[in-house]
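# Close look at the chain arrangement
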Amino acid sequence: MSVRAAVRAYPALLRTGFAGAVAYRAEFLIWMFSTNMPLVMLAIWSAVAREGPVPGYSQKGFTAYYLCTLLVRMMTGSWVVWELTMEIRQGTLALRLLRPLHPLIAYSAENLAAVPLRGVLAIPLAVVLLATAGRGSLATDPRLWIMFIPAMMGAWLLTFLVMALIGTLSLYLESAVSLFEAWLGLSAVLSGYLVPLDLFPESIARVARVLPFRFLLSYPVEVLLGRLSATQALLLLAAQWGYVAVAFIAVVVVWRAGMKRFGAYGG
Amino acid sequence: MIDVRDLRKHYQVHRRDPGMRAALRSLFHRPTETVRAVDGISFHIDEAERVGFLGPNGAGKTTTLKCLAGLLYPTSGEVSVLGHLPRLRATAFLQSITLVMGQKQQLLWDLPPAETFLLNRAIYDIPQKEYAETLSELTRLLELGPLLGKPTRQLSLGERMKCELAVALLHRPRVLFLDEPTIGLDVSMQATVRTFVREYNERFSATVLLTSHYMDDVTALCPRVIVIDKGRLIYDGALDELVRRVRPDKRVNLRLSRPVERADLARLGRVIEQKDASAILQIGKDQLQAAVAGALASLPLVDLTIEDPPLEEVMRDLFAQETERREALP
Amino acid sequence: MKPRPLHALRVVRALLAASATLAVQYRLEFFGQGALALFWQAVTLVPLWVVFGTRSTISGWTFPEALLVIGWFTALKAFLEGAISPSLMQVIEHVRKGTLDFVLLKPVDAQVLVSFAKVEPWRIIDLFGASAIFIYAFRQLHRAPGLAELCAAFAMLLAALLVLYSIAIVVVSIAFFAVRVDNLMFLFQSIFDAARWPSTIFRGFFAVLFTFVLPLALMTTYPALALLGRLSLRAALGAALGTLLFAALSRVAWRFSMRRYTSASS
């Protein structure tokens, strides 16, 4: 399908995806409540900070950090890896391939369409954030606020593309899901989801700052919290989108090769 | 042996129209409807009988069966199977019955059927000697030899059904509940299942209750049929009597190479449908041979098939007769 | 149906044998999943390690003492994700496929049949990991638990397992009423994640939640306290009583759901 046609079809796909997200709202709510790790970590760090100082983070600082983490996580989450691996395993991917629409574009619309719904729930969260942590915890530089948008987009794209990549790998590997679990584990540690990256020992923090995991979560959070200068943020934005480009190319390559294989085995 | 008296099973269902307003309204007032799945059925079945429950989808056959098996509590009425009240689910009762459901299996999916057999042996507490005897008998009757060691998911639908039958009969139940066992199977496998069930019934004097909406299942297997529709028992008696009573006609489908006159078709039998390249005739069984010979001789045929009229039509006739009969009562 | 305990035990043995046979078939997966389990254990330890990197005592717990809590957490997680969850999720599959009738027709209590339906033996690696954590922690503490402490800890472990199982039964019973709630189990597992922390750290809302609503405190903190010899008799008895109460309630919930399924109450 040509790019022009895909672009024309996209709004319709988004509309359908949104309807689907609304239909599955019960599941979504349950998923939302399952993403409670940041709140638990907040409770822990609050207790720690209450008993004594933690370098770089006050109690309010932790509140701001973890509420932002929750916000970013909610807005950038995807589920394409599960859908893709299941469709490959059950052979229903063949049905998608019959349509004049690239499956990955269809998946992206589906996942993207859920964002507004999550946005609706993100608003009360943002309100809570402002109320508890106060404006002082957030960035003051307007340039950072401008950069927050592409940072979020980059985070969403990177999350989606890596999931799509691993999902596509299940055309080759039986155990692509295990690979994804390994990715999840590493990103839980290295993306700042469990623990702010600056609280790691310096040797580990230095590595974590350049790995792609940071750009899934920690980077947008750092921008929002004003923990980066405008120049730093800009450079890191370039790095983030660099990773996005790499992921994109990887997905295209692996998908093309995978399709040949899929076709050869009759799907 | 099996006694059913005025069995009723009613469900309360909440009806909800689509749309936002109805959804909001449903928070305050939920209209319930009573679905009368089974509405006063009575019959008696003796040991070693083979009985078929016939009726269209949603008639209440499966519900009746489940009440007999103890899977559903009746709303009212009395049910007695082998002297037990099924809903009490006494151990002795459960050891004497079995259920086979078409397209649903109890075989463990990723393991060979042999593993499920072992599991059921423990569940039903079957002594080793008896187990070995039953297993070898079933393996012989169903030709299971090469199938037992392959994982269930690698078996074809028909092979799975054979193994399903075997695993259901390991504990030598006295009553077999078969719920649409041949659905989805190809013609030869359907025949295999029917032959096996009949053999099993004759060898072990097991009572067989079969529900189906395939006339052929019942024709091949059940001398006695119970017809159920809309939860009511419409007919209970010998099968040939039913067929004779209701519709002794056959349907003949013709495919033609060019259009023909309606009169040419009407000469052979009653014309149900006529299009340019095809036609359907309804012909009494006695006139069938002559009509087919006539069609072959006089019509430009591409294809000709003979089949029973659809069951729904047979039933409709049956119900029409029933309604007339009921209305004629004082 | 009259209860027949010996028969039930034989059935459980047969169910476990079936699970084991299945697991042996997927040998490669055994080691792959085992490696993943160890990986997740390492991931679990990271936050604890970072938190105690800032301070040596938090809410009265030192790092080795907190390790004991994580050790129990790991062990319980193994039972939860390796036995309780996969088995009870089968019930939801049965309801969806319409094959629950087969379970109900067997001359065995349905709850027994579904509780042991699927066990993943490679989770035993988690238990080795937990033991390693215990040994390391006690080395750091420069002492070893006495016999009384071990017995108390074992009793608390049994209580914890029973509570975990009961919660799972309640979750599954809900699935009979509302069909699309298999992710309720996922939700529970995510909440259970908070049990890796000593429960005394939590304040306010979380404290209430994790002590009374979902007794995570009971599951991991109490066995740890028992090992350290710091579990009061009152707390232990309270835990035992609470556990039995929970188990009884879950059995009622299960029976209620079963009756509803067979529309006994209509």
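Residues numbered from 1 in each chain as written. Chains lettered and ligands numbered in written order. Predicted model: local features only at pLDDT ≥ 70, side-chain atom pairs only at ≥ 80, totals over all residues. Heavy atoms only, no water.

## Brief notes about the packing of aromatic side chains
Test applied: Paired rings are identified among Phe, Tyr and Trp, the last through its six-membered ring, by centres lying within 6.5 Å, and are further divided according to the angle between planes into stacked (under 30 degrees), edge-to-face (over 60) and tilted (the rest). Here, a charge over a ring is recorded when the distance from Lys NZ or Arg CZ to the ring centre is within 6 Å and its angle to the ring normal is within 35 degrees.
For the structure shown, the criterion picks out 19 aromatic pairs over all chains. The interplanar angle of 65 degrees and the centroid separation of 5.9 Å between the aromatic rings of C:Phe39 and C:Trp40 together place this pair among those described as edge-to-face. The rings of A:Trp45, A:Tyr57, A:Phe62, A:Tyr65 and A:Tyr66 are connected pair by pair, giving a single aromatic cluster. Its end group placed over the ring of A:Tyr193, A:Arg73 keeps NZ or CZ at 5.1 Å from the ring centre. Across the ring face of C:Trp61, the terminal group of C:Arg230 is positioned such that the distance to the ring centre comes to 5.8 Å.

## Regarding helix α2 (residues 25-34) of chain A
In plain terms, the rule: Per-residue accessibility, obtained with a 1.4 Å probe over protein chains only, is compared with the maximum for each type, and a residue is labelled buried under 20%, exposed over 50%, and partly exposed between these values. Numbered from the N terminus, helices here are DSSP runs of H or I no shorter than four residues, and strands are runs of E no shorter than two. We call two residues in contact when some of their heavy atoms are within 4.5 Å.
Within the span of α2(A), buried status applies to A:Glu27, A:Phe28, A:Ile30, A:Met32 and A:Ser34. Of the surrounding elements, those touching the buried residues of α2(A) are α4 (59-76) and α7 (103-133) of chain A together with α8 (183-192) of chain C.

## Some remarks on a nonpolar patch on the surface
All names here are of chain A. This is how it is decided: A residue counts toward a patch only above 30% relative accessible area and without a salt bridge, and it is joined to like-charged neighbours within 9 Å or, for Val, Leu, Ile, Met, Phe, Trp and Tyr, to nonpolar neighbours within 5 Å. Surface exposure here means Shrake-Rupley accessible area, sampled with a 1.4 Å probe, where a residue is shielded only by the protein chains that are shown. When a carboxyl oxygen of Asp or Glu lies within 4 Å of a side-chain nitrogen of Lys or Arg, that pair is called a salt bridge.
A grouping of Ile149, Met153 and Trp241 is seen on the molecular surface, where their side chains present a nonpolar patch of about 300 Å² in accessible area. With respect to the secondary-structure elements, methionine 153 resides in helix α8 (residues 142-169). Residue methionine 153 is classed as partly exposed on the basis of its relative accessible area of 48%.

## Focus on the interface of chain B and chain C
Note the threshold: Put simply, buried area is how much 1.4 Å-probe accessible surface two parts lose in total, over both of them, once they are put together. Any pair of nitrogen or oxygen atoms within 3.5 Å is treated as a polar contact; in protein, a donor-acceptor pairing is required on top of that, and neighbouring residues in sequence qualify only through side-chain atoms on both sides.
Contacts between the two partners involve 32 residues from chain B, matched on the other side by 30 residues from chain C. In total, chain B and chain C occlude about 2700 Å² of area from one another, counting both sides; carbon and sulfur atoms represent 61% of this. For the chain B face of the interface with chain C, the top three residues by lost area are B:Leu71, B:Arg89 and B:Ile123, together amounting to 22%. Where chain B touches chain C, the interface holds 2 salt bridges. In this structure, B:Asp125 engages C:Arg10 in a salt bridge whose closest nitrogen and oxygen atoms are separated by 3.1 Å. In this assembly, chain B and chain C are joined by 7 residue pairs in polar contact (both at pLDDT 80 or more). Secondary-structure elements contributing two or more residues to the side of chain B that touches chain C are β1 (2-14), α2 (61-69), α3 (91-96), β5 (97-101) and α4 (113-124) of chain B.

## Observations regarding the confidence of the model for chain C
Selection criterion: Per-residue confidence from the predictor is reported as pLDDT, which spans 0 to 100.
In this model, chain C carries an average pLDDT of 87, and 97% of its residues clear a pLDDT of 70 or more. Confidence estimates for the predicted assembly give a pTM of 0.82 and an ipTM of 0.84.

## Quick notes on the sheet that holds strand β2 (residues 32-45) of chain B
Residues and elements named next belong to chain B. The test is simple: Between any two strands, at least two bridges found by DSSP are needed for them to pair. A fitted line through C-alpha atoms serves as each axis, taken over the contacting stretch for helices, and the angle formed by two N-to-C directions is quoted from 0 to 180°.
The strand order across the open sheet formed by 3 strands is β2-β1-β4, and the pairing between neighbours is antiparallel. Taken across any chain shown, the strands that pair with only one partner, and hence form the sheet edges, are β2 and β4 (76-81). Each strand axis lies, on average, 30 degrees off the axis of its neighbour in the sheet, ignoring direction. As judged from the 5 bridges shared by β1 and β4, these two strands associate in the antiparallel manner. When the sheet's bridge partners are listed, aspartate 3 is paired in β4 with serine 80.

## A few points about the pattern of salt bridges
A complete count under the given rule lists 34 salt bridges over all chains for this structure. In this structure, A:Arg209 and A:Glu202 form a salt bridge, with 3.6 Å as the shortest nitrogen-oxygen distance. For A:Arg209, a relative accessible area of 29% puts it in the partly exposed group. Relative accessible area serves as the criterion here: at 44%, A:Glu202 is assigned to the partly exposed category. Here B:Arg8 ties to B:Asp39 by a salt bridge, and the two come within 3.1 Å at their closest N and O atoms. Taken together, the residues B:Arg8 in strand β1 and B:Asp39 in strand β2 connect sequence positions 31 residues apart. Judged by its relative accessible area of 26%, B:Arg8 is partly exposed. Each of B:Asp6, B:Arg8, B:Arg36, B:Asp39 and B:Arg232 takes part in a single network of salt bridges with overlapping partners.

## Some details on the sheet that holds strand β10 (residues 249-256) of chain B
Residue and element names in this part refer to chain B. Strand order across the open sheet formed by 4 strands is β11-β12-β10-β13, with antiparallel pairing between neighbours. The two strands at the open ends of the sheet, each matched to only one other strand, are β11 (270-274) and β13 (301-307). Taken over all neighbouring pairs, the strand axes of this sheet differ in orientation by 20 degrees on average, direction set aside. Two elements, β10 and β13, share 6 bridges in a ladder whose sense is antiparallel. Within β13, the residue paired with arginine 251 across the bridge is glutamate 307. Contacting β10, β12 (278-284) and β13, helix α11 (residues 285-298) crosses the sheet at an angle of about 145 degrees to β12.

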